[in-house]
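Residue-level structure breakdown
Listed here are the chains, written in short residue letters.
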Amino acid sequence: MPDHNTISQEDIPAPELPVTLDMPGKVADFLRASDLEPAERAALDQGVTVRRGQGYSPRITAVPGVHRQLLARCQPLDGGQGVPTVPAQRKARREYENRVTGLGVPD
């Protein structure tokens with residue numbers, strides 16, 4: 001008879017592994033000026049800058065949870081609540097959102 005006091009492997013959640021995503025430069029610039037948590041700031045500061053046409057994209061390596069937190073912090077780029085919308089920033093945020101949601105990890 002199996003011992004019911006032991007924890008089965010199915011009950012232990014798998015640890016989130018770091019993933020690397022390119023963050024549009026306009027989003028990175030906005031986040032650098034924001035008040036971030038230490039894990040978010042570390043991920044942003046450790047990103048490697050990659051040239052993209054006329055701009056750049058920091059390549060950020062972090063667990064999916066940190067990417068979701070960074071995405072939530074750049075929500076003001078979509079405008080609203082009297083904040084003017086800049087189309088290029090809005091597009092950059094949407095691009096990052098697509099990359100984060102493409103991870104297939106539930107919120």
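Refer to the structure above for everything that follows.
For the structure given in this document, a descriptive report is provided here. The shown structure was predicted, so the numbers you read here are calculated from the model rather than taken from an experiment.

1. Re the overall build of the protein chain
Assigned secondary structure in the protein chain consists of four helices and three strands. Secondary structure elements of the protein chain, listed N to C terminal, follow the sequence β-α-α-β-β-α-α. Looking at the protein chain residue by residue over its 107 residues, the buried ones come to 29%. Partitioning the contacts of the protein chain with sequence separation of at least 6, the portion at a separation of at least 24 is 70%.

2. Regarding the nonpolar core
Counting 18 residues, the largest nonpolar core has M23, V27, L31, L44, L70, C74 and Y96 as its most contacted members. Every element with two or more residues in this core is listed here: α1 (25–32), α2 (38–45), β3 (55–62), α3 (64–73) and α4 (87–101).

3. A look at the sheet that holds strand β1 (residues 19–22)
The antiparallel open sheet is built from three strands, whose spatial order is β1-β3-β2. Only two strands of the sheet have a single neighbouring strand rather than two, namely β1 and β2 (48–52). Sheet twist, expressed as the average angle between the axes of neighbouring strands with direction ignored, equals 25°. Sheet analysis places β2 next to β3, joined by five bridges and oriented antiparallel. Bridging from a neighbouring strand, T49 pairs with P58 of β3. Taken strand by strand, α3 contacts β1 and β3, and its axis lies near 135° from that of β3.

Thresholds applied
- Along each chain, residue indices are assigned from 1 in the same order as the chain's sequence is written.
- For this predicted model, a pLDDT threshold of at least 70 governs which residues receive local features, and a threshold of 80 or more governs which side-chain atom pairs are given and counted, while totals over whole chains, interfaces and linings are taken from all residues.
- Just so you know, side-chain values use all the structure's heavy atoms and leave hydrogens and water out.
- A run of H or I in DSSP becomes a helix once it reaches four residues, and a run of E becomes a strand once it reaches two; helices and strands are each numbered from the N terminus.
- Whether a residue is buried, partly exposed or exposed follows from its accessible area with a 1.4 Å probe, protein chains only, as a fraction of its type maximum: under 20%, in between, or over 50%, in that order.
- When checking whether two residues touch, look at their non-hydrogen atoms; a contact exists if any pair is within 4.5 Å.
- In these notes, a set of buried Ala, Val, Leu, Ile, Met, Phe, Trp, Tyr and Cys residues joined through side-chain atoms within 4.5 Å is what counts as a nonpolar core.
- Pairing between two strands is assigned when DSSP locates at least 2 bridges connecting them.
- Axis definition: a line fitted to C-alpha atoms, limited for helices to the stretch in contact. Angles are taken between N-to-C directions and run from 0 to 180 degrees.

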